[in-house]
Amino acid sequence: MKKSILFAVLMMSSALLWSQLEINLEINFSHFQREYQPLEEYVNLTEDNEYWYSSGAEEDEIIFDIATPLQMPGFEDWPLVEIEVGAHPSLFIESEYFSDDPYSVFLEAVGVDAFILSPLNDSSNSDRGNILFFEGDGVLKKEFQNFAFERELNLGGGNLVSRANLQIELDYENLCVEFHYGPSTISSDLEGYFENNVIIGSVFGWFYEEVIGAEWIEDWLYLVGLVSGDPSNPEFNLIYEDPDFDEELEYLNSYPEEGTVYRFCYMETTSVDELLSVEHSLTFYPNPASDFIQIKNETEAEIRELIIFDQTGRVVMRTRDSGNIDVSSLPSGMYFVGARYAGAEHFQYGKLVKE
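Bear in mind the structure is a predicted one, so any value in this text is a computation, not a measurement. Residue numbers here run from 1 along each chain, matching the order of that chain's written sequence. Under the rules for a predicted model, residues below a pLDDT of 70 receive no local features and side-chain atom pairs below 80 are neither given nor counted, while totals for whole chains, interfaces and linings still include all residues. For side-chain calculations, the full set of non-hydrogen atoms in the structure is used, while hydrogens and water are omitted.

J.: So what exactly am I meant to see when it comes to the pairing of strand β4 (residues 80-85) here?
T.: Working note: regular strand, side chains alternate between the two faces of the sheet. Relative accessibility thresholds used throughout: buried, under 20% of the residue-type maximum; exposed, over 50%; partly exposed, between the two (1.4 Å probe, protein chains only). Numbering of helices and strands runs from the N terminus, with a helix taken as a DSSP run of H or I at least four residues long and a strand as a DSSP run of E at least two residues long. Taking burial as the measure, the 6 residues of β4 include 6 buried ones, the bulk of the element. In this structure, strand β3 (residues 62-70) lies alongside β4, joined through 5 bridges in antiparallel fashion. Each bridged residue has a counterpart across the sheet, and for Ile62 the counterpart in β4 is Val85. Being paired, for any two strands, means DSSP has found at least two bridges between them. Relative to strand β5 (residues 90-95), β4 is paired through 4 bridges, and the arrangement is antiparallel. Across the sheet, Glu82 pairs through a bridge with Glu94, a residue of β5.

Written out as structure tokens, the structure is:
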């Protein structure tokens, strides 16, 4: 069962972290221009117009199994097998639910975080939209064809003037999702609504829920790739969201033009061999350390996250605190500390000796 739309990220919870799964992945982002190519082979999921619900309610979604499960590194016990379809321009697949397993795992690619519907929902329109689906050898594709934005019903004259086309592709071999933006017409009213509020990105994560005694326990960890700023030259942000996440996010300032392609590729985090070979430009003190370390930030960029790896490459600590970092609970030995800065796609690393 789907837990949330991708960027309803500022969730509040008093969850107790009974157990956690580590996400030893990162996202590489790229963008380029390519002529939009509509799907030629597909199944029309909205042929009878029955799935164009504008409420986004869970009961308005359909779920079916995909032919080839998606295996994400580190989560082979939770193959992604179910795909959801609803009034949202996204590709969402998740693991099968088992009553004795409190974890569920999902991958979601959101072409724009807004509820959509067919222009036929407006009696003044005669044209219609479609949601098309294709599953081939190592690839899934969904095309959202000639869709309208539900929000526009509440703007201006209340008519569905705007139209857009979007294709989302999942590449199994490279673990990449792509957003292909087709012809679009965005009204001035909708442009005003979208200003600095176009939410596009991809997320992989797990969600934990369990009843223990009389208490309902929830926990989650999401790896979020998000773009912001100018759609033709976007800034990429990599975010780890957990129940303590309270960061204010920035989004695109307008809807992408026709021919724009955004590509988000999931990769395993740097191996120990790679860590040993990179230039260790991150400095902190004291080193060796027994209890706390402080990062020496020689740039003006904000440190978004710190990750500490042991000598096997296992993540042993993840924090957004860049002040005094408590390492007292770590066993003695050598560690790698990685810092991700705002707007940067990769980490700076340093070696830490824990006494």
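From this point, the discussion proceeds with the structure in view.
J.: Explain unusual backbone geometry here, please?
T.: The general pattern is negative phi for most residues beyond glycine and trans for most peptide bonds. With an omega of -10 degrees, the peptide bond between Tyr285 and Pro286 qualifies as cis. Inspection of the secondary structure assignment puts Pro286 in the loop between β16 (283-285) and β17 (292-296). Put simply, Asn287 and Pro288 share a cis peptide bond, and its omega is 15 degrees. Residues other than glycine seldom take positive phi values, yet Asn146 does so here, at roughly 50 degrees. Mapping Asn146 onto the fold places it in strand β9 (residues 139-149). With relative accessibility at 19%, the residue Asn146 sits in the buried group. Positive phi is not limited to glycine here, since Leu175 has a value of about 50 degrees. Within the secondary structure layout, Leu175 lies in the loop between β10 (164-171) and β11 (176-181).

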